[in-house]
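# A closer look at the structure
Listed here are the chains, written in short residue letters.
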Amino acid sequence: MKMEFDCIICPRGCPLVVDVNEDGQKPPYVTGFACKRGEVYAKNEIINPMRTISSSIKITGGALPLVSVRLTKPVPKSRIPDVMKKIKEMKIEAPCQIGDVLIYDILGLDSDLIITKAIDKFDS
């Protein structure tokens, strides 16, 4: 079976063709990549697709009601709902700084949840 998609690793956007052996005995064969990173990306996309997550969480006592967060490393695509559930459950109190780690090794996936925007405490 052949699958076609565009590489997203760099701005070139190479058109990749991945030949997947349906019995799973041989690794996918990739063509169309201009660099080794594209080949690795295509194989991972077939075998174990990974994604990064950016979101926001509620913050109390801050100048804004939400603070942006992201993961430090991609996680398996299949685990995104679990990670998002954990993120949605969170609420923190101001102040916070860029890079503050909210959860180390979220769900045992070797990725940390960090803050990406500084929020000062609201002075009333």
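Residues numbered from 1 in each chain as written. Predicted model: local features only at pLDDT ≥ 70, side-chain atom pairs only at ≥ 80, totals over all residues. Heavy atoms only, no water.

Where an unreviewed UniProt entry is consulted, the protein chain appears under the name DUF1667 domain-containing protein, with the organism given as Ruthenibacterium lactatiformans.

## A few points about the overall build of the protein chain
What counts, and what does not: Only runs of H or I of at least four residues qualify as helices and only runs of E of at least two qualify as strands under DSSP, and these elements are numbered from the N terminus. Exposed residues in this analysis have more than 50% of their type's maximum accessible area, buried residues have under 20%, and partly exposed residues fall in between, with area computed by a 1.4 Å probe over protein chains only. Two residues qualify as a contact provided that any one of their heavy atoms is within 4.5 Å of a heavy atom in the partner residue.
Within the protein chain, the secondary structure is distributed over two helices and ten strands. Within the protein chain, the proportion of its 124 residues that are buried is 29%. Relative to all contacts within the protein chain whose residues are 6 or more apart in sequence, the contacts with residues 24 or more apart total 49%.

## Some points on unusual backbone geometry
The linkage connecting Ala 94 with the following residue, Pro 95, adopts the cis geometry, with an omega of 5 degrees. Here Pro 95 shows up in the loop between β8 (91–93) and β9 (101–103). Even without being glycine, Leu 107 reaches a positive phi, approximately 50 degrees. Relative to the elements of secondary structure, Leu 107 occurs in the loop between β9 and β10 (113–115). By relative accessible area, Leu 107 is classed as partly exposed at 36%. Even without being glycine, Asp 110 reaches a positive phi, approximately 60 degrees.

## Here we look at the side chain of Glu 39
Considering the arrangement of structural elements, one finds Glu 39 in helix α1 (residues 36–47). The contact partners of Glu 39, leaving out residues within four places of it in the chain, are Val 30 and Phe 33.

## Remarks on the domain arrangement of the protein chain
The condition is simple: As annotated, the domain borders come from an automatic or database domain assignment.
You can read the domains of the protein chain as domain 1 (2–47) and domain 2 (54–115). Computed from C-alpha atoms alone, the centre-to-centre distance between domain 1 and domain 2 is 30 Å.

## What to know about α1
The α-helix advances 3.6 residues per turn, and as a result positions three or four apart in sequence lie on the same side. Under the convention used in this document: The span expected for a helix works out to 1.5 Å for each residue beyond the first. Read the arc as the range of directions from the helix axis to the C-beta atoms.
Taking 1.5 Å of rise per residue, the twelve residues of α1 would be expected to cover 16 Å, and the 17 Å separating its terminal C-alpha atoms lies within 8% of that figure. Burial in α1 covers these residues: Gly 38, Glu 39, Tyr 41, Ala 42 and Glu 45. An end-on view of α1 places all buried positions within 160 degrees of arc, on one side of the element. Exposed residues lying more than 90 degrees from the buried face of α1 are Lys 36, Arg 37 and Ile 47. Buried residues along α1 sit in contact with β1 (2–6), β2 (15–19), β3 (29–31) and β4 (50–51).

## Considerations on the pattern of salt bridges
How we decide: Here, a salt bridge means any side-chain nitrogen of Lys or Arg that lies within 4 Å of a carboxyl oxygen of Asp or Glu.
Under the defined criterion, the tally for this structure stands at six salt bridges. We note a salt bridge from Arg 79 to Asp 82, for which the minimum N-O separation is 2.9 Å. Residues participating in the shared-partner salt-bridge network are Lys 36, Glu 39 and Lys 43.

## Some thoughts on the packing of aromatic side chains
Rule in force here: The rule is short: rings of Phe, Tyr and Trp, with Trp giving its six-membered ring, pair when the centres are within 6.5 Å, and they are stacked under 30 degrees, edge-to-face over 60, tilted in between.
On inspection of all chains with the given rule, the structure shows one aromatic pair. Note on Phe 5 and Tyr 41: the rings are 6.0 Å apart at their centroids and 80 degrees apart in plane angle, and the pair reads as edge-to-face. With Phe 5 in strand β1 and Tyr 41 in helix α1, the pair connects residues that are 36 residues apart, well separated along the chain.

## Here we look at the nonpolar core
A general feature of soluble globular proteins is that nonpolar side chains tend to end up buried together. Our working definition: By convention a nonpolar core is built from buried Ala, Val, Leu, Ile, Met, Phe, Trp, Tyr and Cys residues, the set being connected through side-chain atoms within 4.5 Å.
Counting 19 residues, the largest nonpolar core has Val 67, Val 83 and Ile 92 as the members making the most contacts within it. When contributions to this core are tallied by element, the ones reaching two or more residues are β5 (54–60), β6 (66–71), α2 (80–88) and β10. Val 18, Val 20, Val 30 and Ala 42 belong to the second largest nonpolar core, which has nine residues in total.

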